Amino acid sequence: MIVLDKENNVFTLHTQNTTYQMKADEYCVLLHTYYGPRIRSGDLSCLIQYADRGLSPNPNEAGHRRDYSLDTLPQEYSTCGVGDFRLPSIEFEPEDGSRLADLRYVGFELRKGKYSLEGLPSFWGGDEWETLIIFMEDAASQMSVELFYGVLENCDLITRAVRVTNRGTGVVRLRRCASLCLDFQNDGDYDFITFDGCHALERNLNRSPLRPGIQSVESVRGTSSHHHNPFVILCERQASEDYGICYGTALVYSGNFLAAVERTQLEHNRLLLGINPYHFCWTLEPGASFTTPEAAMICSPSGFGQMSRQYHRAIREHLIHDPLQGRQRPVLINNWEATEFAFNADKLVDIASSAAPLGIELFVMDDGWFGTRDSDLGGLGDWTVNENKLPGGLKALVPRIQKLGMSFGIWIEPEMVSEDSSLYRAHPDWVLGPPGRPHTRGRSQLTLDFSRKDVRDHVYADLRKVLDSASISYVKWDMNRSLTDVWSAALPADRQGEVFHRYILGVYDMLDQMRQDYPHILIEGCTGGGGRFDAGMLYYTPQIWCSDNTDAVDRLRIQYGTSFCYPVSTMGAHVSAVPNAQTGRSVSIRTRGVVAMSGTFGYEMDLNNTTPEEKKLIREQVAFFKEHYHLIQRGDYYRLSDPFQGGPFTAWEYVSPDRKEALVSLVTGTTHASPAFRTLRLKGLDPALCYRINGEGRWPGDMLMNAGWPIPMSLFQDDYQAAQLYLTTM
Ligand code: GLA
């Protein structure tokens, strides 16, 4: 609910559990007055204190009022060069070379429903949303700024975006434009939580206390990256899974980002999230606008668990587009880890044949089916079937898969080209990078200039021929390198600062086209695993390959970190062969299954190489997953332990909305002699109900949550044992 106090220019955004407020004061400066647990009403600007601080300047209209300074007041969208020395939200340069932005409030608009952002992914929905637009301007440069707010009450979600328009007569260069600025006047000690890592070890949770100055994570790789995620949390020092105030902020964007938080001279905190100013410069001709990506904030008054569940609900119901419209997504088998590039049609059919009787429904043909792609040294860009491997093409292969009762999916990597390809030989100027400078390779490949429509159109036309040539129900859209040599032949020298952003807009444009042309196709995103696991990609690809690391033990951490923002239904997770290709570790098929079914379940191995006992277990796993699909994919998700603490087990839980059903999964750590007796305390159950566990016993909900479930000692008799408890009410 958005409440307006027009007389005092106070704007209050209420969600179910939170309140967010801003106020335009007597100088039309837009002050941020509050964000936190819900407060019934009122003008909260009484919380703001004024004091004369040495070396904090005063706006001209304040005269000699020295206690009024932009340097100390909480700003809704921070300015640049006119008295606020903290992180600026915006920076632009008119023709006179000044870099000053003094934004003042000029008006507002309130609408039912959700705003949308042309060419950019964003949360969507109907009248359950409200939109507030605040208009601001910098009078001297005639730059206008619109701050968009979308409010989705039941998810405690507030989305934000910014549109800047040049209303003057000269050209303006926009050098920085954050999607979100959050000033906290409370001086409590805060922690900054980020999700960091590397290829095959993404989204490790890191928590550090804020210290004076700026702390930040960013990507300059052209992707949101494996290395840092565009989702960060600010929280009270004592915040935990179930306690304390925390603020999640997610950028709905897949390119370079910057998430920075500054602890100021007054021990206040400012968080900024948006496109990374690194190599960013957008030219605004008179009348032109620039729109930022969207940012999505959720505040939880009661710990991380509640924040995550709200993000999960919002992403499932208002961000992804589900081509299956609520029907179960198929359990899949992918040939990559089994064959890499060494396969032919018979081998693929052989793998599919071993999977179909076990209940696996979708066969995915991974990299290596096209052009001269026999290794990762060549072939990218030539999207025609390699008939040496697949005689008769997809027309011959797909019916063989379908005959097994399975549907068919295919791998593509549209943004890339190999030097050893017909496409590159014909169009060497289509890759990123200026002429006369040797190209930097990544995985031996170059990047096509996806900021160019002509390049995209050519690639897409080739892909369409493939997608039209057979019955295809799934596409894995991969992208396997960081961007370098970022320069486009299609733009003049003074607009090269637009290429990074135009590239990702181009990716979105093609994904959107594909989604519209093939609404039945389930697109899984992938960037060398989880290098673009972000809310931007999720708008187009309802699931994303979580990591190239399929080791069940490493996956416990990767999926744990991912779960802070992103729901289980978005995490691509497969059982693969042991010893694991990335870690060399061997864990049982049971444990691998329990971990992988906490995602979009599938297998990535040659099931012909499994024993009859393993096959039996796989059949049971697939059946179990399908039976409990709704609970796993739609239930409320509870983290029961933190795998980064190296404790004796990792556990998590799904609870149905009516709390009559729950599923608990548990994986133990490395074993030791004389293990201690352990109990596992569950969450989210109905304290007044009694539950059966795996059809047995009578377990009161309050007992399971307060005293816990005694973990059988047998689970600690070997490394990495797994258990699942299915709870139903009596
Ligand atoms: C990337 C993906 C893998 C696989 C290979 C194929 O690494 O993450 O899953 O598709 O490419 O080359």
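Look above for the structure.
The rules behind each value
Residue numbers run consecutively from 1 along every chain, following the written order of its sequence. For this predicted model, a pLDDT threshold of at least 70 governs which residues receive local features, and a threshold of 80 or more governs which side-chain atom pairs are given and counted, while totals over whole chains, interfaces and linings are taken from all residues. Note that water and hydrogens are dropped before the side-chain values are worked out from all heavy atoms of the structure. Helix and strand definitions here come from DSSP, where helices need a minimum of 4 consecutive H or I residues and strands a minimum of 2 consecutive E residues; each element is numbered from the N-terminal end. C-alpha atoms define the radius of gyration in this analysis, and the globule rule sets the expected value at 2.2 Å times the number of residues to the power 0.38. With residues, only the protein chains shown are counted as cover, and all accessible areas are computed by Shrake-Rupley using a 1.4 Å probe. Here Asp and Glu are counted as negative and Lys and Arg as positive; His is not counted, and neither are the chain ends. Just so you know, the charge point we use is NZ for Lys, CZ for Arg, CG for Asp and CD for Glu. A molecule or strand has a residue near it when one of that residue's heavy atoms lies within 4 Å. What qualifies as a polar contact is a pair of N or O atoms within 3.5 Å, subject to a donor-acceptor requirement within protein and to the restriction that residues adjacent in sequence count only when both atoms come from side chains. Every definition here rests on a 1 Å grid over the protein atoms only: cavities are sets of points where a 1.4 Å probe fits but cannot get out, pockets are open sets enclosed by protein on both sides within 12 Å along at least five of seven lines, and lining residues have some atom within 4 Å of a point. Any molecule with more than half of its atoms within 2 Å of a cavity's or pocket's grid points is counted as sitting in it. Just so you know the grouping, Ala, Val, Leu, Ile, Met, Phe, Trp, Tyr, Cys and Pro go in nonpolar, Asp, Glu, Lys and Arg go in charged, and all remaining residues, Gly too, go in polar. Only strands that DSSP links by at least two bridges are regarded as paired with each other. Interaxial angles span 0 to 180 degrees and are taken between N-to-C directions of axes, which are lines fitted to C-alpha atoms, for helices over the stretch in contact. To estimate how far a helix should extend, the number of its residues minus one is multiplied by 1.5 Å. Buried residues are those whose accessible area, probed at 1.4 Å on protein chains only, stays under 20% of the maximum for their type, while exposed residues exceed 50% and partly exposed ones sit between those limits. Here, the arc refers to the directions that run from the helix axis to the C-beta atoms. Note on contacts: a residue pair qualifies if any of its non-hydrogen atoms lie within 4.5 Å across the two residues. Grid points are joined across faces, edges and corners, and a volume is the space filled by probe spheres set on the points. Note that the domain bounds reflect an automated or database-derived domain assignment.

*Asks:* Break down the overall build of the protein for me, with residues and values.
*Replies:* Of the regular secondary structure elements, the protein holds 13 helices and 38 strands. Computed over the C-alpha atoms, the radius of gyration of the protein is 27 Å, within 12% of the 27 Å expected from 2.2 N^0.38 for a compact globule of 730 residues. Taken along the three principal axes of its C-alpha coordinates, the protein extends 85 × 70 × 45 Å. Summed over its atoms, the accessible surface of the protein is roughly 26,400 Å², and 49% of this surface lies on carbon and sulfur atoms. With 70 positive and 91 negative side-chain charges, the protein shows a spacing of 3 Å between the two charge centroids.

*Asks:* Summarise the site of the ligand; cite the residues concerned and give the values.
*Replies:* Looking at the ligand, there are 13 residues lining it, with Asp 366, Asp 367, Arg 443, Lys 476 and Asp 548 nearest. Interatomic distance of 2.6 Å between a side-chain N/O atom of Asp 366 and an oxygen atom of the ligand. One nitrogen or oxygen atom from the side chain of Asp 367 is found 2.6 Å from an oxygen atom belonging to the ligand. Notes on the ligand: free accessible area 310 Å², of which the protein chains cover 95%. Most atoms of the ligand, that is more than half of them, are within 2 Å of grid points of the largest pocket. When its residues are assigned to classes, the shell around the ligand shows four nonpolar, three polar and six charged.

*Asks:* With reference to specific residues and values, describe the sheet that holds strand β31 (residues 636-639).
*Replies:* The strands that make up a sheet are held in pairs by hydrogen bonds between backbone atoms, and each pair lies either parallel or antiparallel. Sheet architecture is open: six strands sit in the order β31-β32-β33-β38-β35-β36, paired in antiparallel fashion. Each of the sheet's edge strands pairs with one partner strand only, and the pair in question is β31 and β36 (696-700). The sheet shows a mean angle of 25° between the axes of neighbouring strands, direction not considered. Two elements, β31 and strand β32 (residues 649-655), share four bridges in a ladder whose sense is antiparallel. Counted as the bridge partner of Tyr 637 is Tyr 654 from β32.

*Asks:* So what's going on with helix α6 (residues 453-468)? Which residues, and what values?
*Replies:* Owing to its 3.6 residues per turn, the α-helix brings residues three or four apart onto one side. A rise of 1.5 Å per residue sets the reference length of α6, with its 16 residues, at 22 Å; its end C-alpha atoms lie 21 Å apart and thus fit the reference within 8%. Inspection of α6 places Val 455, Arg 456, Val 459, Tyr 460, Asp 462, Leu 463, Val 466 and Leu 467 among the buried residues, and these make up the whole buried set. Buried residues in α6, looked at end-on, bunch into an arc of 160°, giving them a common side. Contact partners of the buried residues in α6: α4 (393-403), β23 (407-412), β26 (474-477) and α7 (499-517).

*Asks:* Explain the layout of surface pockets residue by residue, including any values.
*Replies:* What the largest pocket holds in volume is close to 500 Å³. In this structure, the largest pocket is lined by 28 residues; those nearest its centre are His 199, Asn 480, Gly 528, Gly 529 and Asp 548. Its residues assigned to classes, the lining of the largest pocket comprises six nonpolar, 11 polar and 11 charged. Looking at which domains feed residues into the lining of the largest pocket, each of domain 1 (2-318) and domain 2 (332-634) gives three or more. Approximately 390 Å³ is the volume attributed to the second largest pocket.

*Asks:* Give me the lowdown on the sheet that holds strand β28 (residues 543-545), citing residues and values where you can.
*Replies:* On the basis of which strands lie adjacent, the closed barrel formed by eight strands has the order β21-β22-β23-β26-β27-β28-β29-β30 and parallel pairing. Strand after strand, the sheet turns through a mean of 30° between neighbouring axes, direction not considered. Bridge count between strand β22 (residues 362-365) and β23: four bridges; the pairing is parallel. For Phe 363, the partnering residue across the bridge sits in β23 and is Phe 408.

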